[in-house]
Amino acid sequence: MYQQYLLRTKKNRVVASGITFVLTFIVTAAIALVSMQNNNQKNIEREAHHLQNILDSFINDAHSATQHAAGLIGKVCDFTVEKELNMIPGRYMHIYSINIVNNKHISCSSLLANKHADVQHIISSGEKIWMSQAVSSPDIEVISFKTSLPQGDVFVASDIRYLLDVLRSSTSGRQLALEVSGKTLTAAGLSATPLSSPHFSGYTLYPANSSLYTLAWEQPQPGKAVNAMARSWISISFILAMSLIMASVVWLLATRRHSLYTQLANAIRLHQIHPHYQPLICAHTNIISGAEILARWNHEELGFVPPDVFIPVAERTALIIDLTESLLEQVVDDLQQGVIALAPGFNLNLNISYSHLADDAFDAFVDNWAPVFAALGVTLVFEITERENIDISEAMTRKITHIKTRGIKIALDDFGTGFSNLAFISNLRPDSIKIDRMFVRQISLDVATPLIDCVIDMAKRMNILTTAEGVEYDYQVEYLKANQIDCLQGYYFSKPLAFGDFATFLRHYAAR
Ligand SMILES: Nc1nc2c(ncn2[C@@H]2O[C@@H]3COP(=O)(O)O[C@H]4[C@@H](O)[C@H](n5cnc6c(=O)[nH]c(N)nc65)O[C@@H]4COP(=O)(O)O[C@H]3[C@H]2O)c(=O)[nH]1
């Protein structure tokens, strides 16, 4: 069984750690992806905002340059006028040229080469702003702003290389696009494709400050974001590290549980878990009518391990069957020493877990032990705990009947705390119910505790004996006796004792 368990737990640990790894990977990757998208969104918004500021400053500069040139319109383009015009671009960072237009020709310009150039083709459309090649230098691209004044038209051309630099230095990994009069500037350069064309279908408009231009950015595409994340070794390392840490934690926890199992299995095999005996006092006669067997494990390194810690592990791993067998073997050894003389019918209450009761071999367990205890003159009582929800199936009813036919009694343990219900009591008819110490603790000198009274009354009507657990004070004893309890158990009489101490207790109690 142990080898099988080892194999099973190893497989379970591998599966649990694997699932944890995959789940953590998915969750962390999703979180990283979302936060990357958010960051990108913020970055692109910042970049769009930056580009907009630059454009606005281009427009403002063009306006002020135009105002500087306004006084020169209509004047003869002589050396003095040209010199004045020539000085204007020097005052603004990006202005490439400033030109005065007369009869669709440049009559005067800050760039000598522009003078007399025919600009009909670029200004006849009536646009106030446009992007094109510079008038006299086709290798330079400019964004031009035209102002029509009563004396004539002025257009200012600004170099778009700075705008291109901004577009190309995007840290969000996404494209920004600027459309001016049907032409679009992206990091790839100037094109005659407007934003409304299908080429820019994945772009979103950025709310612009001016109607002179349109800004848009490329919508994030999940595929691109995943690719970007896959390329980022920091993200991948983080996701892998988180997944590994979580998988390791699950592995360690599972190993710890497994190691408790191993320790428990060894302790049971070596009979290091001993039975302790807690006396049960008959409330009517005050004599010791029995004892509850409670498992005690004093681990050589860990010290005292409470049953609440190891019993659940034993129950989950079927070790509970070996533990119960081991305790019974030790109890029989104790009783066979002959150091105590028990009254006939002395009850020995043994905790039976539901997982044991549900085991296929439970009938055989009953058949083995019933005659052994009958021969010792002891009545075995199986305390069935309420911790687990007992399925009152036909098979279970048959098992309970089998227990009873073999002379073993049934007690319903911890009544009132867990899953016990009236259906269990009426179907299985236990010989006794043990009222949990939680209720006994509620007994006080001056406040009534109708719940206990009701339970005792109900049990009496059904001919079921009642035992109060966890009795610690004399007033509890008095109250319970006055309310017709049948049996008392608790530190008021004695804690659970090792067999030698139990034998001494019995002697002293009898001699009182
Ligand atoms: N505060 C207080 N406590 C009192 C008093 N009188 C008795 N007790 C404690 O109440 C518990 C009674 O056992 P239980 O209800 O069957 O509850 C048991 C039982 O369900 C389970 N258990 C213990 N030994 C075995 C065993 O051998 N097999 C199985 N299946 N379960 C066991 O572990 C539970 C806890 O056992 P223990 O720690 O030994 O705790 C015992 C006992 O030490 C009292 O006056 N005051």
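Below or above, wherever it landed, is the structure these notes cover. Please read these numbers as outputs of a predicted model, since none were measured by experiment.

### Quick look at the sheet that holds strand 9 (residues 203-206)
In step 1: Strand order in the open sheet formed by 5 strands is 8-7-6-10-9, with antiparallel pairing between adjacent strands. Whereas interior strands pair on both sides, the edge strands pair on one side only; in this sheet they are strand 8 (189-191) and strand 9. Across the sheet, the mean angle from the axis of one strand to that of its neighbour is 30 degrees, orientation sign disregarded.
In step 2: As judged from the 3 bridges shared by strand 6 (residues 176-180) and strand 7 (residues 183-186), these two strands associate in the antiparallel manner. Looking at the pairing, Leu 178 lines up with Leu 185 of strand 7.
In step 3: Contacts from helix 4 (residues 161-168) reach strand 6, strand 7 and strand 8, with the element oriented near 55 degrees to strand 7.

### Looking at the pairing of strand 6
In step 1: Burial runs high along strand 6: 5 of the 5 residues are buried.
In step 2: Every second residue of strand 6 is oriented toward a common face, with Leu 176, Leu 178 and Val 180 on one face and Ala 177 and Glu 179 on the other, all of them buried.
In step 3: Here strand 6 folds back onto strand 7, and the loop between the two strands holds 2 residues, one of which, Ser 181, carries a positive phi near 45 degrees.

### Remarks on the sheet that holds strand 1 (residues 95-102)
In step 1: In space, the 5 strands of this open sheet follow the order 2-1-5-4-3, with antiparallel pairing throughout. Every other strand in the sheet has two partners, leaving strand 2 (105-109) and strand 3 (129-133) as the edge strands with one partner each. In this sheet, adjacent strand axes meet at a mean angle of 35 degrees when their direction is disregarded.
In step 2: Relative to strand 2, strand 1 runs antiparallel, the two sharing 4 bridges. Within strand 2, the position partnered with Asn 102 by the bridge is His 105.
In step 3: Contacts from helix 2 (residues 79-91) reach strand 1 and strand 2, with the element oriented near 140 degrees to strand 1.

### A closer look at unusual backbone geometry
In step 1: A positive phi angle, close to 55 degrees, is found at Asn 103, a residue other than glycine.
In step 2: A positive phi angle, near 70 degrees, is found at His 116, a position not held by glycine.

### So, the pattern of salt bridges
In step 1: The final tally for this structure, using the stated rule, is 9 salt bridges.
In step 2: Close ionic contact of Arg 161 with Asp 159 constitutes a salt bridge, the shortest N to O distance being 2.4 Å.
In step 3: On the basis of relative accessible area, Asp 159 is assigned to the buried category, the value being 13%.
In step 4: A salt bridge links Asp 486 to Lys 460, with the shortest nitrogen-to-oxygen separation between them at 3.3 Å. Here the residue Asp 486 occupies a position in the loop between helix 15 (474-482) and strand 19 (487-488), and Lys 460 occupies one in helix 14 (residues 450-461), the gap between them amounting to 26 residues.
In step 5: Classification of Lys 460 as partly exposed rests on a relative accessible area of 35%.
In step 6: Sharing partners across several salt bridges, the network here consists of Glu 292, Glu 383, Lys 434 and Glu 469.

### Focus on a nonpolar patch on the surface
In step 1: Side chains of Ile 245, Met 246, Val 249 and Leu 253 sit close together on the surface and give an oily, nonpolar patch of about 350 Å² of accessible area.
In step 2: Structurally, Val 249 is set in helix 6 (residues 233-269).

### Examining the nonpolar core
In step 1: Counting 63 residues, the largest nonpolar core has Leu 348, Leu 357, Phe 373, Phe 382, Ile 403, Leu 480 and Leu 488 as the members making the most contacts within it.
In step 2: In this structure, Phe 373 is in contact with Leu 328, Val 331, Val 332, Leu 335, Leu 348, Val 378 and Leu 380, ignoring residues within four places of it in sequence.
In step 3: Counting residues in hydrophobic clusters, the runner-up holds 40 residues, among them Val 81, Leu 163, Val 166 and Tyr 213.

Cut-offs applied
- Residues numbered from 1 in each chain as written.
- Predicted model: local features only at pLDDT ≥ 70, side-chain atom pairs only at ≥ 80, totals over all residues.
- Heavy atoms only, no water.
- Pairing = 2+ DSSP bridges.
- Helix = DSSP H or I, 4+ residues; strand = E, 2+ residues; numbered from the N terminus.
- Axes fitted to C-alpha atoms, helices over the stretch in contact; angles between N-to-C directions.
- Contact = heavy atoms within 4.5 Å.
- Buried < 20%, exposed > 50% of the residue type's maximum accessible area, 1.4 Å probe, protein only.
- Salt bridge = Lys/Arg side-chain N within 4 Å of Asp/Glu carboxyl O.
- Patch = residues over 30% accessible without salt bridge, like charges linked within 9 Å, V, L, I, M, F, W, Y side chains within 5 Å.
- Areas by Shrake-Rupley, 256 points an atom, 1.4 Å probe, with all protein chains shown as cover.
- Core = buried A, V, L, I, M, F, W, Y, C linked by side-chain atoms within 4.5 Å.

Treat this as a map of the structure, not an account of what it does.
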